[in-house]
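# Descriptive structure summary
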Amino acid sequence: MQPTELNNTVALGNSNLHVKPLGIGAWSWGDRFFWQYGNDYGEEQVRQAFDAAIEAGITFFDTAEVYGQGESERLLGQFAKTCDTPIQIATKYGPLPWRFRKSDVYDAVTASLERLQTDCIPLYQVHWPFTFFMSQETLMDALADEVERGRLLAVGVSNYSADEMRLAYDLLNRRGVPLAVNQVRYSLLSRKVETQGIVETAKALGVTLLAYSPLAQGLLTGKYTPENSSPSGGRQLDPKFRPEGLRRIEPVTLMLEQLAERYAKTPAQIALNWLIGQGGVVPIPGAKNAEQARQNAGALGWSLIADDLQRLEQASRPWL
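Everything quoted here is computed from the prediction, not taken from an experiment.

Cut-offs used in this document
Residues numbered from 1 in each chain as written. Predicted model: local features only at pLDDT ≥ 70, side-chain atom pairs only at ≥ 80, totals over all residues. Heavy atoms only, no water. Salt bridge = Lys/Arg side-chain N within 4 Å of Asp/Glu carboxyl O. Helix = DSSP H or I, 4+ residues; strand = E, 2+ residues; numbered from the N terminus. Contact = heavy atoms within 4.5 Å. Pairing = 2+ DSSP bridges. Axes fitted to C-alpha atoms, helices over the stretch in contact; angles between N-to-C directions. Core = buried A, V, L, I, M, F, W, Y, C linked by side-chain atoms within 4.5 Å. Buried < 20%, exposed > 50% of the residue type's maximum accessible area, 1.4 Å probe, protein only. Patch = residues over 30% accessible without salt bridge, like charges linked within 9 Å, V, L, I, M, F, W, Y side chains within 5 Å. Areas by Shrake-Rupley, 256 points an atom, 1.4 Å probe, with all protein chains shown as cover. Phe/Tyr/Trp six-rings, centres within 6.5 Å; stacked < 30°, edge-to-face > 60°. Parallel < 35°, antiparallel > 145°, perpendicular 65-115°, else oblique. Left-handed = near helix turned anticlockwise from the far one by under 90°. Nonpolar A, V, L, I, M, F, W, Y, C, P; charged D, E, K, R; others polar. Expected span 1.5 Å × (residues − 1). Disulfide = S-S within 2.5 Å. Right-handed = clockwise from strand over helix to strand, strands pointing away.

With that out of the way, let us pick up the pattern of salt bridges. Taken as a whole and assessed by the stated rule, the structure comprises 20 salt bridges. Salt-bridge contacts for Asp 141 lead to Arg 175; the nearest nitrogen and oxygen are separated by 3.0 Å. Of this pair, Asp 141 sits in helix 4 (residues 136-149) while Arg 175 sits in the loop between helix 5 (162-174) and strand 8 (179-185), placing them 34 residues apart in sequence. The network of salt bridges with shared partners includes Lys 102, Asp 141, Asp 145, Glu 148 and Arg 175.

Structural data, given as structure tokens:
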């Protein structure tokens, strides 16, 4: 089966930021609560994940100020300082209740810049749409100010509905700033963004979707079965990881295994390639070690044929 090259870069929306069609999510880098950073993996392992990603040609990393209470940003900044390859970092602003002034956005950007050890953040996203005492208009104006100051290259949002995304797009557009991305939960086991109009609206506006949890936190890797369901950390509370939950998703996981054998890939690589094949979507799977980073990179450089994309679409329709 002849591979189709997908190693070219793609623009994030109508911004000047170009990345490979796949990035690395750094939620687990420093997070001790959900991912239990510091137990079975730590700084050495995530540094190796960073290095393996760079070696494989992946240079786009997504983090947030709240990941590991800033530790994820600090680690990325530290790694980037000693890396000869230019990388693109995306981070996020949390619109917390006590942040209601424009100066709070300025202060948050300043703190992220310090942790990342840089003077410009390539992509800065609003982590969730709840603005409490700060209106969307004030928030988007503050972000546009930061673009004009040169401290942000591009602006995005995360977890925004279709209507919320359109409003953010319009408010930024008034200032001449394109809305680059909307980061949403999207995978074969989480397709509600399609039925909620988010995918359609993003395409109409020219906004790229960054797909977080594109492997459904490991459910699509083939690692977990009804007979072997023992995830670590916060996933232990997720009913999808229990035997009955794993049996429910077997139509999808079995098809991934079949396609993996046919394409000489892994189930995870098939699942990631399906997302890339949707167009306008950049998956950002996590990687806690070098092997996971290399596995993620194996989703690039080839593409599923149309019939197989359709078969996966049909098998995953219960999660629309």
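Topologically, Glu 73 is positioned in helix 2 (residues 71-81). Setting aside residues up to four positions removed in sequence, Glu 73 forms contacts with Thr 63, Ala 64, Glu 65, Thr 91, Ser 112, Arg 115 and Leu 116.

Turning to the sheet that holds strand 9 (residues 208-212), a few remarks are in order. The strands making up a sheet associate through backbone hydrogen bonding, with each pair oriented either parallel or antiparallel. The sheet built from 8 strands is open, its strands ordered 3-4-5-6-7-8-9-10 with parallel pairing. Bordering the open sheet on either side are strand 3 (24-25) and strand 10 (281-283), each of which pairs with just one other strand. Here strand 3 runs beside strand 4 (residues 60-62); their pairing, made up of 2 bridges, is parallel. Paired with Gly 25 across the strands is Asp 62, a residue of strand 4. Relative to the sheet, helix 5 contacts strand 7 (152-158) and strand 8, its axis offset from that of strand 8 by approximately 160°.

Moving on, we get to the nonpolar core. Residues Trp 29 and Met 140 are the most contacted members of the largest nonpolar core, which totals 94 residues. Top element by residues in this core is helix 10 (residues 267-276). It accounts for 7 residues. If near-sequence neighbours (up to four positions away) are discounted, Trp 29 is found in contact with Ile 24, Tyr 37, Val 46, Ala 49, Phe 50, Phe 61, Glu 71, Ser 72, Leu 75, Leu 76, Phe 79 and Ala 287. Counting residues in hydrophobic clusters, the runner-up holds 13 residues, among them Leu 17, Val 19, Ala 90 and Ala 180.

Here we come to a nonpolar patch on the surface. A grouping of Phe 100, Phe 130, Phe 132 and Phe 133 is seen on the molecular surface, where their side chains present a nonpolar patch of about 500 Å² in accessible area. Within the fold, Phe 133 resides in the loop between strand 6 (121-126) and helix 4.

Let's shift gears to the packing of aromatic side chains. Enumeration according to the criterion identifies 13 aromatic pairs in this entry. Consider the rings of Tyr 186 and Trp 274, whose centres lie 6.2 Å apart with planes at 75°: the pair is edge-to-face. Of the two residues, Tyr 186 sits in the loop between strand 8 and helix 6 (192-195) while Trp 274 sits in helix 10, which places them 88 residues apart along the sequence. Assigned by exposure class, Tyr 186 and Trp 274 land together as buried.

Our focus in this paragraph is the packing of helix 9 (residues 250-263) against helix 12 (residues 306-315). Between helix 9 and helix 12, the shortest axis-to-axis distance is 9 Å and the interhelical angle comes to 165°. Taken together, helix 9 and helix 12 sit at an angle that is classed as roughly antiparallel. In terms of crossing hand, the pair formed by helix 9 and helix 12 is left-handed. Mapping the contact onto sequence places Pro 251, Val 252, Met 255, Leu 256, Gln 258, Leu 259, Arg 262 and Tyr 263 in helix 9 and Asp 308, Arg 311, Leu 312 and Ala 315 in helix 12. The class makeup of the residues in the contact of helix 9 with helix 12 is 8 nonpolar, 1 polar and 3 charged.

Below, the discussion takes up helix 5. An ideal rise of 1.5 Å per residue puts 18 Å on 13 residues; helix 5 measures up with 19 Å between its terminal C-alpha atoms. Those residues of helix 5 that sit buried are Ala 162, Met 165, Ala 168, Leu 171 and Leu 172. Just downstream of helix 5, Gly 176 is the residue with a positive phi angle, here 75°.

On to the state of the cysteines, then. Using the criterion set out here, one finds 0 disulfides in the structure. No disulfide involves Cys 83; its nearest neighbouring cysteine sulfur is the one of Cys 120, lying 17 Å away. Taking the relative accessible area as the measure of exposure, Cys 83 reaches 18% and is therefore buried.

Let us now look at the pairing of strand 7. By the criterion of burial, strand 7 is predominantly enclosed, with 6 of the 7 residues buried. One ladder, built from 5 bridges, connects strand 6 with strand 7; its direction is parallel. When the sheet's bridge partners are listed, Ile 121 is paired in strand 7 with Leu 152. Handedness of the crossover joining strand 6 and strand 7 through helix 4: right-handed. Note: strand 7 against strand 8, 4 bridges, orientation parallel. Looking across to strand 8, one finds that Val 155 is bridged to Leu 179. Once the chain exits strand 7 it traverses helix 5 before rejoining the sheet at strand 8, and the crossover so formed is right-handed.

The values reported here are purely geometric and, on their own, carry no functional implication.
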